[in-house]
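Listed below are the residues making up each chain.
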Amino acid sequence: MVGFSTRIGFVLAAVGAAVGLGNLWRFPYATSQNGGAAFLIVYLALLAVVGIPALMAELSIGRAGQRNFVDALADDGRHPRWAGAGYFGMGGVFILLSYYSAITGWSLRYAIEAWRHVADGAAPSGFDHFVDVIQGPDAIMAHLGVMVLLVATMAGGAAKGIERLNLIAMPALFAAVVALAIYANTSDGSAAGRAFYLKPDLAAIDLGTISGAASQAFFTLSLGVGGMATYASYVGKDVDLQKAGTSIVAADTLVAVLAGLMVFPLMFAFGFGEAVLGVGSNPAAGMYVALPAAFGAMAGGGLVQAVFFTLLFLAAFSSGMSMIAVPSRWILDRWPGLGQLRALLLVALPAYILGIVSAISFSTFLIIDSIISRIVVLVGGLLLAVYAGWVRPELSDELRVASHWRMDRVLRPLWRWGLTPIMAILVVFGFLGFLTDIGAIDPAPGSLLARLT
Ligand code: PHE
């Protein structure tokens, strides 16, 4: 990987890193678990208040450093202890890669099955099929397939590959989601889904909503674990990070919001409304069960299904690329003689082995995901806030390079007095959310914790 050749190349790569299963699968899932429209409002507010400032901090760290996340934080020995925050993020992204590859395998499997049945539109579907796909030997094979493809793509001149892939995949995905959202909202019975998603019951906002929305905001923008910093480390001084960052947030948010506008109306129109409301089957199945049902009812649905799941796979894959980039860049900076391929393999092999546990057992996957999305990304975000706000406030100068905007004027005090305390609170919420996720605490009715779940 030798730098992005164009500004738009960088923005597309970073959008590809941000837009992934987090937007298309996790966002509707989190929305349905946390009360629908009220969650959407809190999520959008947190994106603006903490997501954008944290993204700007991470992009600045990366571009100022021009090297891996760990050494960029250590800043040529000026802040040697902050390398620890880099190792924390890098460890987190490694664990994330391990299971993200496994769940990317689900979309690969759905894509392959859909292409096989593109003519008859009879690809296997339904809740039972979803359960088959997500755990067991086939899931382990799909996970292997994804890891091999990741190494192969990244080894062959990664920046070019990432740019080209996203240049086509991201606009195509966007168009597909828009078209499906229109189809969804013109289907009979979709109104209840729309209402669930868009008519907020503000009284339903509680600490649980805030905790879930904070995790989602950080996860979806790939923050706190060095993915964005690593991509920004390949960017030259001609790029306006304020504009790039704003485009990344805008594109990522648009895809998530549209995904909700597609999934909820479809689920209600095709008889899966109970799953959305958390009654009956797991809402995690939304995208993989309701969508194929909708495709089955469409003329030419076989092709639509094949194209959609291919794009879903590519979106997940381009997020996986940014994950493997973090530790492999660190390895290459330390031991340049190893070469790209070996550095990638040194990450991919252990990540594959670790990911097997998530491919074997869905409940293990849920626990590991909870550790990453409830705790790691938020602690990473707090560390970024302290670093940018207190340790290295001059980082904001990086944002002024090649830019006429003056967000740095706002961000400098905001990192220190706004982001730092808010992140500290969100970390506490995240930790409580994790404990309730794993059922370690059974909240007494009416308690603070009951409101968190
Ligand atoms: N943002 C990605 C998604 O929404 C996930 C991700 C998190 C990617 C952290 C890289 C780093 O799917």
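A brief look at the structure comes next. In this text, all values refer to a predicted model and were calculated from it rather than measured experimentally.

Cut-offs used in this document
- Residues numbered from 1 in each chain as written.
- Predicted model: local features only at pLDDT ≥ 70, side-chain atom pairs only at ≥ 80, totals over all residues.
- Heavy atoms only, no water.
- Helix = DSSP H or I, 4+ residues; strand = E, 2+ residues; numbered from the N terminus.
- Rg over C-alpha atoms; globule rule 2.2 N^0.38 Å.
- Buried < 20%, exposed > 50% of the residue type's maximum accessible area, 1.4 Å probe, protein only.
- Contact = heavy atoms within 4.5 Å.
- Near = heavy atom within 4 Å.
- Polar contact = N/O pair within 3.5 Å; in protein donor to acceptor, adjacent residues only side chain to side chain.
- Areas by Shrake-Rupley, 256 points an atom, 1.4 Å probe, with all protein chains shown as cover.
- Nonpolar A, V, L, I, M, F, W, Y, C, P; charged D, E, K, R; others polar.
- Salt bridge = Lys/Arg side-chain N within 4 Å of Asp/Glu carboxyl O.

Once that is clear, we can look at the overall build of the protein chain. In terms of helices and strands, the protein chain carries 19 helices and zero strands. A compact globule built from 453 residues should have a C-alpha radius of gyration of about 22 Å, and the protein chain, at 21 Å, falls within 12% of that. Overall, the protein chain is about 60 × 50 × 45 Å in size when its C-alpha atoms are taken along their principal axes. Residues counted as buried form 58% of the 453 residues belonging to the protein chain. Expressed as a percentage of contacts within the protein chain between residues at least 6 apart in sequence, the contacts between residues at least 24 apart total 84%.

A word on the site of the ligand. Taken together, the neighbourhood of the ligand is formed by 15 residues, with Ala18, Gly22, Tyr100, Phe219 and Ser222 sitting nearest. One nitrogen or oxygen atom from the main chain of Phe219 is found 2.9 Å from a nitrogen atom belonging to the ligand. In the complex, the protein chains occlude 100% of the 320 Å² of accessible area that the ligand would expose alone. Contributions of two or more residues to the shell around the ligand are made by helix 1 (7-18), helix 2 (21-33), helix 5 (83-116), helix 10 (207-220) and helix 15 (301-334). Among the residues forming the shell around the ligand, the class breakdown is eight nonpolar, seven polar and no charged.

So, about the pattern of salt bridges. Applying the stated criterion across every chain, the model contains 13 salt bridges. For Arg63, the salt bridge identified is with Glu398, shortest N-O distance 2.5 Å. Highlighted residues: Arg63 in helix 3 (residues 37-65) and Glu398 in the loop between helix 17 (362-391) and helix 18 (407-437), separated in sequence by 335 residues. Taking the relative accessible area as the measure of exposure, Glu398 reaches 9% and is therefore buried. Between Arg392 and Asp75 there is a salt bridge whose closest N-O contact spans 3.3 Å. Here Arg392 is found in the loop between helix 17 and helix 18, whereas its partner Asp75 is found in the loop between helix 4 (69-74) and helix 5, with 317 residues between them in sequence. Its relative accessible area of 7% is what places Arg392 among the buried residues. The class for Asp75 is buried, based on a relative accessible area of 11%. When salt bridges with common partners are traced through the structure, they connect Arg63, Lys237 and Glu398 into a single cluster.

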